[in-house]
Structure formats: C-alpha cells, structure tokens
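Each chain, letter by letter, is given below.
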2 protein chains.
Amino acid sequence: METNSKYPLYSIGVDLGGTNTVYALVDTQGNILKCDSFPTATPTVEEWADILSAGILQMTNSIKRDNISGIGIGAPCANAITGCIEAATDLPWPSPIPLAVMIESRTGMKTVITNDANAAAIGEMTYGAAIGLTNFIVLTLGTGVGAGVVVDGHLLSGRSGFAGELGHVTFPFAADRDCGCGRKGCLQTVASAKGIRTTTKRMLESSALESELRGLDDDDLTPKAVEDAAMKGDEIAKSVYQFTGRCLGSAASEFAAFTDPEAIILFGGVAKAGELLLEPMKQEFDRCALHLYKSRVKFMCSMLKDADAAILGAASLTMMKK
Amino acid sequence: METNSKYPLYSIGVDLGGTNTVYALVDTQGNILKCDSFPTATPTVEEWADILSAGILQMTNSIKRDNISGIGIGAPCANAITGCIEAATDLPWPSPIPLAVMIESRTGMKTVITNDANAAAIGEMTYGAAIGLTNFIVLTLGTGVGAGVVVDGHLLSGRSGFAGELGHVTFPFAADRDCGCGRKGCLQTVASAKGIRTTTKRMLESSALESELRGLDDDDLTPKAVEDAAMKGDEIAKSVYQFTGRCLGSAASEFAAFTDPEAIILFGGVAKAGELLLEPMKQEFDRCALHLYKSRVKFMCSMLKDADAAILGAASLTMMKK
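Residues numbered from 1 in each chain as written. Chains lettered and ligands numbered in written order. Predicted model: local features only at pLDDT ≥ 70, side-chain atom pairs only at ≥ 80, totals over all residues. Heavy atoms only, no water.

**With respect to the overall build of chain A**
In step 1: Helix and strand counts for chain A come out as 9 helices and 12 strands.
In step 2: What you see for chain A is a C-alpha radius of gyration of 20 Å, in line with the 20 Å of a compact globule of 322 residues.
In step 3: For chain A, the C-alpha atoms occupy an extent of roughly 65 × 45 × 35 Å along the three principal directions.
In step 4: Residues classed as buried in chain A amount to 58% of the 322 residues present.
In step 5: A total of about 13,100 Å² of accessible surface is found on chain A, and carbon and sulfur atoms cover 51% of it. (Helix = DSSP H or I, 4+ residues; strand = E, 2+ residues; numbered from the N terminus. Rg over C-alpha atoms; globule rule 2.2 N^0.38 Å. Buried < 20%, exposed > 50% of the residue type's maximum accessible area, 1.4 Å probe, protein only. Areas by Shrake-Rupley, 256 points an atom, 1.4 Å probe, with all protein chains shown as cover.)

Given below as structure tokens:
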C-alpha cells in the first residue's frame, strides 16, 4: 500500500444502518480496499462509537495519517451542518447524537456526516451514474423516499440540512394515502417499498386477474417479489410498476421546475426494477413537464453496487472537503 | 465622486422591461447615483443596444474604468449561462438575442444578464429583505410568477439557467385553470395579476354580495384595485386575497421540502397587498408543511422600492462576480 504521497490517498466510509454498521477503507479511485462490519444495536451509542473507532484505527494502522482525508458517515436523519443525528426513528439510541464529534475525538480523524440520500448523491457524482454531471437529483426509493439534490455542482443542504425531503412533497396521485409523517399524499406513500405493497394489494383487490402475488403475506410482498413476478409477465405486477413509474414521472416533472436537472437517478430497493420503472416514468415526465424541460432530462438507475453505494458516498465526503 | 480606489466602487444596473429600459449607476452600498431610461420598443435590438450603450458610456464618463465592476442586466427569459435572451414573448424583437455580448462589445465593460426573478433575489440578498440570509426563495408575483431560489448562499441556475420556474409548478387548487404555457394548474394561474383577476371574476359571479369591483372592465381589475377595495372592507376583495394567500401557503409548503428555506419573500405587483396575502399564506403553510419546516419559515414582502429593486439586483450581479 503506497503511503509516501503528501496528499490524502484514502478515506474511510461508514454506513450506519438500522441493523449493521459497515465501514471500509476506500482509495481516491473508489476502490474498497478493506471492509468490516458489526451489529449496530449496542446498548449505548458510546459503545458503538468505541467499536467503530477501534475498528477504523486498526484498519488504518499501516497508513500515514496524512494520507487519510478523514471519515465520512452516512446515517439516517444525519444533519451535515451540526454533525448530529436528529430524531432518528431507525436507531436504537436517543437523539440528538453528536456523531461527528464522538468519532473525531476517538480517532483524531476529521469526521463529517450526512444523511443516506445525500451520501448516495455524492456517491453517484463521484463514482456512479452522475460522473461529470453538475445538475441532478438522486431519488432513494427504499423503506422511505429521500433525495439528494445537486445543483450547479453543489449538494443542497438548506437552512438546517433538511433540503431535498422530496419523499414528503405531496401529489394528487397519492391524495388518499396516509404517510408516516402524519400527512396525506406524500410521494413516499407510493414510491417506497411500503408504497409498492399498498399499490399491489389495491390492484389485487380490484382485479380478478390471476397473479402469483395473491395470497402472499405482507412481509413477502416486497419490491423484489413484485419485480420478479413482472419479469415473468404477471399482469398485476407489471401494472404496479407502470403506476409507480408514472407517479414518479409526474413528480419529476414538478421537481424539474425547481432545479432544471440534467438527470434524475433512482437508487434503492424499489429502483432495482430498472426499465419497468424508468420507461413509464420517462413517458409521463415528457407528457407533463413544462416545455423547457421536456425530453431534456435523462432517467437512469444507480450504477453502484448495493453494499458499496452508501460506503463510497460516505467515503467521498471528506475527499470533497479536503 | 471618488474614483481613486483600485477596486470597483460602482456598477451599472439595467432593467429591460417590456415598456421601458431603465439603467442606473449604483455604488457598492446600493445607492442609485444616476438614473435614466428610454422606451424599449426600438425597431431592432441593435438600435436598442446602441442607445443603451451610449447612455451608459455617457453616464460613466467621469469615472475610471477600473472603478466600475461592470454591467448587470435583468430581463425576461434571460439565460445567465449563455448570456442570451431566449424565447421572450414580452419583447419586440425575435429571440434568441446574444444580449451580454452585444453590450459588452459596445461598452468594453463586462456584462452579465439574468432573468427578472433572479435579479430580484440578488437585489433582496444584497440590499433588501434577505440581507444576511443564505436560504430563501423570492417569488415574483407580477404579469407572470417567477422565482429566484437561493440555497446555501448560492442562487440556483441549473443545467440551462432554468431553475426556479416555480410559477409553473402545478397544484390541485389551480387544476381547472389554463396556463399560457399550455398546461393546467400552474401556480402562475392563481398568483399572477391575471390570476387575481380570474379569482375576482369567479367570486363576483358566484356571490350576491355587493362589491365595488362589480362592473369593472378587465383592464381595471388590477391587483391594486382589488387591494384598495379590500383595504376599504370589501368582502369579495378580501376573499380574493385570502384565497390567493392560502394557495401561496400551500405551494410554499411543498417548496420548503426542496430547499429548507429560512424565508420566503414576495415581490411584484400582487405582493403589494402585504399582510392581506402574508397572513393567510403563513397560516396555510403551518397547516400543510412537514413538521421539519412548520413555524420555521419567515414570510415577508420585499423591502426594496418598486423602481429600484430590479436595478439594484441587476447592478449587484457584477459586484458579486468580481
């Protein structure tokens, strides 16, 4: 491992998930050189910080400190401005958590944090589908729906780091769906894993068509199950992704008026459906959008591998800021 | 006039309007030192450029060139990136017009252009209601509805300079209104001068209440006439601004999810109604917004004087970029 350069050659990326914490040593080309993980659910966040910091120090003990740009952490409800996790419902500890300071004080390495969707956007910009783009939106379609919005090369943060909460923009197509935020109509109620399940159940109820999705438990009615069925020609399953894609296209036509993007990139479990989702999305966008944006926005799915995306995005945080 | 400094002390602001072109010499404190104007409707844009350039050269003939940062022009459909006016329907000449190059070649002064709404946003940030703010949206409510969106201190431009077309975001409250863009439901169909007229006519038709607005010609049914009537207690007129304010509040609650703003600032003819508009806007915003933004956004009207706002915003363009 070359460590003679005067400049940072490596950084640490951390993905703090509800189940596991994954951390990795990454080089400036986006190669994951070493990777390790441990269960997130420690009794206290201090213990979690101790385990992570010890792991990082061991992972980097053969590298000069000057060659490491720092530690980047992607986490739910992470506020990039304060360095704190705020009001996270998916983590086992009380919020707010001064995460950046906790890790920086234990490792002596500069530590920055950002929320999952922003990490994904940075990952795409640095190593993925958005290389060379300066105006794009990454929509993360998973348990919830989030967004990282890059305009003029800058990832939007906003007053308190809460820019890009596009999963909570409301639309008529979701007007009858309740969101976990207490409101109705949020994009998240349609384009998340739970949204896919709700749409599937509704379509199964209102149709007499045969479908391999009939009789599946809620837990088994995953985006993957619906996608697999659609790929085999299941009409209900295909309709679910048609509908979801059209909703995303309609939503994207409004988002375009905000930031005039070159591309909108889908990321996360629901986005695995690829063309099943992209084709109706593109059609509906071009039908709905203002003439200034029509036919000028590219729609694509993330090109980063599952496990790597969050890590790479987080790792690139400190490389960008050095 | 002090002209011995090594640094720019002055700039030129130009407001290219459909009727008149106003240009002024402005100092770094935002004082308008000299101002002149001429009718925009010259036979060709070359003649217009000749008149403007001659006027600017005369206006600045006692000032060292090094002390002038340049010329900033606010104009409809101006693309800040290309320096061209694109597809402007309010100007007497065919588009596109390479405006920045035309003025720069005639004056020898660095010239930048931007659209009206962006000029207003920069004006507010530099001299107006947004001093000290780094996250805000200026909504210009005039013949059309536009927006200048500032996030993290940066005015959003987007891929082709068409970020912030918030007048063309669509909403259920306008679903039955046709927009000049060929679509339905745009915010502009409610919050523009024409929107106020449409709302007033609809309310007059569906109500038996007495109103001083009854019988007015379309040309006389201006935002100012409705505002004056409302201030005198006219119930229909008050309802018009109540409705318009609630629509703006609902729209703003969606906009907040995009950029997490500190403030939303209203500007232009319709915004003259002040509290008539701000109070219902604020109430509806706090009713509709995601908890992250509720009660955290300030709503205000522009504090810049009518004629000065566009000029100051345009003038500050080159000061920002020096």
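We are not done yet, so read on.
**Focus: the sheet that holds strand S2 (residues 20–27) of chain B**
Residues and elements named next belong to chain B.
In step 1: Strand order in this open sheet of 5 strands is S3-S2-S1-S4-S7, and the pairing throughout is mixed. Strands with a single pairing partner mark the edges of an open sheet, and in this sheet they are strand S3 (32–39) and strand S7 (111–115). Each strand of the sheet is rotated relative to its neighbour by a mean of 20 degrees, with strand direction disregarded.
In step 2: As judged from the 7 bridges shared by S2 and S3, these two strands associate in the antiparallel manner. What sits directly across from Ala24, in S3, is Cys35.
In step 3: Sheet strands in contact with helix H1 (residues 45–59) are strand S1 (10–16), S2, S3 and strand S4 (68–75), and its direction is about 25 degrees off that of S2.
In step 4: The strands touched by helix H3 (residues 116–127) are S2, S4 and S7; relative to S7, the strand with the most contacts, the crossing angle is about 105 degrees. (Pairing = 2+ DSSP bridges. Axes fitted to C-alpha atoms, helices over the stretch in contact; angles between N-to-C directions. Contact = heavy atoms within 4.5 Å.)

**Brief notes about the relation of the copies chain A and chain B**
Note that the two copies of the chain are related through a rotation about an axis and a translation along the same axis.
In step 1: Taken as rigid bodies, chain A and chain B are interconverted by a rotation of 180 degrees and an axial shift of 0.0 Å, the fit giving an RMSD of 0.1 Å. Such values leave the two copies arranged in the relation of a two-fold axis. In terms of proximity to the rotation axis, the leading residue of chain A is Pro172 of chain A, whose C-alpha is 3.5 Å off the axis.
In step 2: Residue by residue, 100% of the interface of chain A is reproduced at the interface of chain B, so both copies engage with the same surface. (Least-squares fit on C-alpha atoms with pLDDT ≥ 70 in both.)

**Focus: the interface of chain A and chain B**
In step 1: Each side of the interface is counted separately: chain A has 38 residues, and chain B has 38 residues.
In step 2: Both faces considered, chain A and chain B share a buried interface measuring about 3,300 Å² in area, 58% of it formed by carbon and sulfur atoms.
In step 3: When the area that chain A buries against chain B is broken down by residue, the three leading residues are Arg159, Phe258 and Asp260 of chain A, summing to 24%.
In step 4: Where chain A packs against chain B, one counts 0 salt bridges. (Buried area = accessible area lost by both parts, 1.4 Å probe. Salt bridge = Lys/Arg side-chain N within 4 Å of Asp/Glu carboxyl O.)

**Here we look at helix H7 (residues 235–259) of chain B**
All names here are of chain B.
In step 1: Taking 1.5 Å of rise per residue, the 25 residues of H7 would be expected to cover 36 Å, and the 36 Å separating its terminal C-alpha atoms lies within 8% of that figure.
In step 2: H7 sits mainly inside the fold: 19 of its 25 residues count as buried.
In step 3: Of the residues flanking the start of H7, the one acting as N-cap is Asp234, its side-chain oxygen 3.2 Å from the backbone nitrogen of Ile236.
In step 4: Immediately beyond the C-terminal end of H7, within one or two residues, lies Asp260, with a positive phi of roughly 50 degrees. (Expected span 1.5 Å × (residues − 1). Polar contact = N/O pair within 3.5 Å; in protein donor to acceptor, adjacent residues only side chain to side chain.)

**A look at the packing of aromatic side chains**
In step 1: Tallying each qualifying case throughout the model produces 15 aromatic pairs over all chains.
In step 2: On the numbers, 6.4 Å between centres and 45 degrees between planes, the contact of Phe38 of chain A with Trp48 of chain A is tilted. On the criterion of sequence distance, the pair formed by Phe38 of chain A in strand S3 (residues 32–39) and Trp48 of chain A in helix H1 (residues 45–59) is long-range, its members being 10 residues apart.
In step 3: The interplanar angle of 5 degrees and the centroid separation of 5.1 Å between the aromatic rings of Phe171 of chain B and Phe173 of chain B together place this pair among those described as stacked.
In step 4: Assessed through its relative accessible area of 8%, Phe171 of chain B is described here as buried.
In step 5: Here the aromatic residues Phe171, Phe173, Phe255 and Phe258 of chain A together with Phe171, Phe173, Phe255 and Phe258 of chain B are joined through ring pairs into a cluster of three or more. (Phe/Tyr/Trp six-rings, centres within 6.5 Å; stacked < 30°, edge-to-face > 60°.)

**With respect to the confidence of the model for chain A**
All names here are of chain A.
In step 1: Chain-level pLDDT for chain A is 91 on average; 96% of the residues reach the 70-or-more range.
In step 2: When mean pLDDT is compared element by element in chain A, helix H7 (residues 235–259) scores highest at 98, while helix H9 (residues 306–321) scores lowest at 77.
In step 3: The ipTM for the predicted assembly is 0.87, set against a pTM of 0.88. (pLDDT = per-residue confidence, 0-100.)

**Observations concerning the environment of Ala225 of chain A**
Residues and elements named next belong to chain A.
In step 1: Here Ala225 lies in helix H6 (residues 223–231).
In step 2: Distance from Ala225 to Ala251, taken between C-alpha atoms, is 25 Å for residues 26 residues apart in sequence.
In step 3: Not counting residues up to four positions away in its chain, the partners in contact with Ala225 are Leu213, Leu216 and Asp220.

**Notes on the side chain of Thr259 of chain B**
In step 1: If you trace the backbone, Thr259 of chain B turns up in helix H7.
In step 2: Contact partners of Thr259 of chain B, with chain neighbours within four places excluded, come to Leu156, Gly158, Arg159, Ala163 and Phe258 of chain A together with Asn135, Ile137, Val149 and Val151 of chain B.

**Considering the nonpolar core**
In step 1: Ranked by internal contacts, the top residues of the largest apolar core, which has 99 residues, are Leu139, Phe255 and Leu266 of chain A together with Leu139, Leu141, Phe255 and Leu266 of chain B.
In step 2: Non-local contacts of Phe255 of chain A, meaning those with residues more than four positions away in its chain, are made with Ile137, Leu139, Leu166, Val169, Phe171 and Leu187 of chain A together with Phe258 of chain B. (Core = buried A, V, L, I, M, F, W, Y, C linked by side-chain atoms within 4.5 Å.)

**A few points about the pairing of S4 of chain B**
All names here are of chain B.
In step 1: Here S4 lies mainly inside the structure; 8 of its 8 residues are buried.
In step 2: Of the pairings in the sheet, the one linking S1 to S4 comprises 5 bridges and is parallel in character. Residue pairing for S4: Asp15 is matched across the bridge by Gly74.
In step 3: The sheet contact formed by S4 and S7 spans 5 bridges and is parallel.

**Digging into the pattern of salt bridges**
Here the idea is simple: oppositely charged side chains can pair when their charged atoms come close.
In step 1: Counting across every chain of the model gives 19 salt bridges over all chains.
In step 2: A salt bridge links Arg106 of chain A to Asp50 of chain A, with the shortest nitrogen-to-oxygen separation between them at 2.7 Å. Of the two residues, Arg106 of chain A is situated in helix H2 (residues 99–107) and Asp50 of chain A in helix H1; the sequence distance between them amounts to 56 residues.
In step 3: Among the residues examined, Arg106 of chain A registers a relative accessible area of 29% and is labelled partly exposed.
In step 4: For the salt bridge of Arg287 of chain B with Glu284 of chain B, the shortest nitrogen-to-oxygen distance reads 2.9 Å. Here Arg287 of chain B and its partner Glu284 of chain B are both found in helix H8 (residues 275–288), 3 residues apart, which amounts to about one turn of the helix.

**Focus: unusual backbone geometry**
In step 1: At the junction of Ser95 of chain A and Pro96 of chain A, the peptide bond is cis and its omega measures out at -5 degrees in the coordinates.
In step 2: Note on placement: Pro96 of chain A falls in the loop between strand S6 (84–85) and H2.
In step 3: Despite not being glycine, Asp152 of chain B shows a phi value in the positive range, around 55 degrees.
In step 4: Structurally, Asp152 of chain B can be placed in the loop between strand S9 (145–151) and strand S10 (154–155).
In step 5: Asp152 of chain B sits in the partly exposed class, given a relative accessible area of 26%.

**Details of the state of the cysteines**
Working definition of a disulfide: a covalent bond connecting the sulfur atoms of two cysteines.
In step 1: Under the criterion given, the structure shown has 0 disulfides over all chains.
In step 2: No disulfide involves Cys247 of chain A; its nearest neighbouring cysteine sulfur is the one of Cys288 of chain A, lying 10 Å away. (Disulfide = S-S within 2.5 Å.)

**Focus on the packing of H1 of chain B against helix H2 (residues 99–107) of chain B**
All names here are of chain B.
In step 1: Look at H1 against H2: their axes get within 9 Å of each other, and the N-to-C directions meet at 45 degrees. With respect to H2, the element H1 is oriented oblique. The handedness of the crossing between H1 and H2 comes out as right-handed. For the pair formed by H1 and H2, the contact residues are Val45, Glu46, Trp48, Ala49, Asp50, Leu52, Ser53 and Leu57 on the first element and Leu99, Met102, Ile103, Arg106 and Thr107 on the second.
In step 2: In terms of residue class, the contact of H1 with H2 is made up of 8 nonpolar, 2 polar and 3 charged. (Parallel < 35°, antiparallel > 145°, perpendicular 65-115°, else oblique. Left-handed = near helix turned anticlockwise from the far one by under 90°. Nonpolar A, V, L, I, M, F, W, Y, C, P; charged D, E, K, R; others polar.)

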